[in-house]
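Report on the structure
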Amino acid sequence: MTTSGHRSGYVAIVGRPNVGKSTLLNHILGTKLSIVSFRPQTTRNRILGIYNQEDAQVVFMDTPGIHEADSLLNKRMVDQATRTLSDVDVVVHLIDPRTESDPTEARIEAISEAKVPVLLVPNKVDLVKKSSLLPLIEGWTRAEAPAAIVPISALSGDGVAGLLDEVVQRLPESPPFFPKDQLTDASERFVVSEMIRERLFVHLHQELPYSIAVEIEAFEEPKQKSGVIRILARIWVERDSQKGIVIGKGGRVLKQVGTEAREAIERLLQARVHLKITVGVDKHWTRKQSSVERRGHFDGDQRQ
Ligand SMILES: Nc1nc2c(ncn2[C@@H]2O[C@H](COP(=O)(O)OP(=O)(O)OP(=O)(O)O)[C@@H](O)[C@H]2O)c(=O)[nH]1
Ligand SMILES: [Mg+2]
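What you are looking at is a predicted structure, and each value in this text was computed from that prediction instead of being measured.

Another aspect to go through is the sheet that holds strand S5 (residues 118-122). With mixed pairing, the six strands of this open sheet are ordered in space as S2-S3-S1-S4-S5-S6. Two strands bound the open sheet, and with one partner strand each, they are strand S2 (47-53) and strand S6 (148-149). Direction of pairing for strand S1 (residues 7-15) relative to strand S3 (residues 56-62): parallel, over a ladder of seven bridges. Within the sheet, the bridge partner assigned to Tyr-10 lies in S3 and is Val-59. Sitting on the sheet, helix H5 (residues 133-144) touches strand S4 (90-95), S5 and S6, and the angle it makes with S5 is about 155°.

Put into structure tokens, the structure is as follows:
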């Protein structure tokens, strides 16, 4: 393959929690790689998703939402997002036009100070009137001086092709960094643990999802190609009382989570899966350095 005319680069997708970063990555990839929920702070790690077209490879990095972090776990998440800003070619900054119309309040310093082109992307435009975008765009142009402004709906895909064009034209000429059929650098184990965590985010109430980590304890490939993949997962909670809630009356919650997660994992791995989930207690793990590193998959686990 000749490299002339081929562009490659790294692109960070950043913004406040819940603005639609993971939804955008999944839409671009045409597959569900990064977990999505209606709750803020769903994504905990930097998730790398590789988009390929004939003359370009874009390595997108989905990041945790940037916010005022309190707990050790949250601080670690925000740290993952802001550190990403320094190793990319382009930054895609998603904003929610409903809650971030005023850039004097919503501006994130670390993004404004990024040394690479920033594309400002008002997302969820399916939920707002077109006329409300104009003043917003004027304000943000003054505040952040973005290289371009591209309104989109990550959910419907409206505007996403235009955003991809804006991204690709700003990447340097370079051969691809990854094989052209590779989707991510995350391990199957990590992505599988995320699918389970997403279902917990959807089914558990209030603060409980934020106390949860998922660990894959065994992942057995089948002996024959058409066989069943056997996965043993453990859900970690912080307190004894949380264990019962995760299991639910008569095991109902855990059963539902398990069924839905198994279906998602089967779609992802294109194989039949047997999934067994148990629940363990690691007291106050979100406040303990070593547990946050291990249970939060910050210690390089995604790439195992
Ligand atoms: N209507 C509408 N909803 C959207 C759009 N994009 C995302 N959402 C919804 O917004 C919610 C949050 O989406 P995520 O993709 O998880 O947001 P995120 O920025 O990755 O959130 P964190 O990982 O928590 O920082 C989900 O309920 C999505 O379905 C959009 O363009 N339109
Ligand atoms: Mg996310």
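Turning our attention to H5. The terminal C-alpha atoms of H5, which comprises twelve residues, lie 16 Å apart, in line with the 16 Å expected from a rise of 1.5 Å per residue. Within H5, burial applies to Leu-133, Leu-136, Gly-139, Trp-140 and Glu-144. Down the axis of H5, the sector holding all buried residues measures 130°, keeping them to one side. Facing away from the buried side of H5 by more than 90 degrees, the exposed set consists of Leu-134, Pro-135 and Arg-142.

Below, the discussion takes up unusual backbone geometry. Despite not being glycine, Asn-18 shows a phi value in the positive range, around 75°. Among the secondary structure elements, Asn-18 is positioned in the loop between S1 and helix H1 (21-29). Even without a glycine there, the phi angle at Ala-145 is positive, about 45°. Mapped onto the fold, Ala-145 is located in the loop between H5 and S6.

Quick look at the packing of aromatic side chains now. Summed over all chains, the structure comprises two aromatic pairs. The interplanar angle of 80° and the centroid separation of 5.4 Å between the aromatic rings of Phe-201 and Tyr-210 together place this pair among those described as edge-to-face. Assigned by exposure class, Phe-201 and Tyr-210 land together as buried.

Here we come to the site of ligand 1. Near ligand 1 lie 23 residues; those nearest to it are Lys-21, Thr-23, Gln-41, Thr-42 and Thr-43. At 3.5 Å from an oxygen atom of ligand 1 is found a main-chain nitrogen or oxygen belonging to Ser-37. Between ligand 1 and Lys-124 there is a distance of 3.1 Å, counted from an oxygen atom to a side-chain nitrogen or oxygen. Coverage of ligand 1 by the protein chains reaches 90% of its 660 Å² of free accessible surface. A molecule is said to occupy a pocket when more than half its atoms come within 2 Å of that pocket's grid points, and by this definition ligand 1 occupies the second largest pocket. Considering only residue class, the shell around ligand 1 consists of eight nonpolar, eleven polar and four charged.

Criteria and thresholds
- Residues numbered from 1 in each chain as written.
- Chains lettered and ligands numbered in written order.
- Predicted model: local features only at pLDDT ≥ 70, side-chain atom pairs only at ≥ 80, totals over all residues.
- Heavy atoms only, no water.
- Pairing = 2+ DSSP bridges.
- Helix = DSSP H or I, 4+ residues; strand = E, 2+ residues; numbered from the N terminus.
- Contact = heavy atoms within 4.5 Å.
- Axes fitted to C-alpha atoms, helices over the stretch in contact; angles between N-to-C directions.
- Expected span 1.5 Å × (residues − 1).
- Buried < 20%, exposed > 50% of the residue type's maximum accessible area, 1.4 Å probe, protein only.
- Arc of directions from axis to C-beta.
- Phe/Tyr/Trp six-rings, centres within 6.5 Å; stacked < 30°, edge-to-face > 60°.
- Near = heavy atom within 4 Å.
- Polar contact = N/O pair within 3.5 Å; in protein donor to acceptor, adjacent residues only side chain to side chain.
- Areas by Shrake-Rupley, 256 points an atom, 1.4 Å probe, with all protein chains shown as cover.
- 1 Å grid on protein atoms, 1.4 Å probe; cavity = no way out; pocket = protein on both sides within 12 Å on 5 of 7 lines; lining within 4 Å.
- Sits in = over half its atoms within 2 Å of the grid points.
- Nonpolar A, V, L, I, M, F, W, Y, C, P; charged D, E, K, R; others polar.

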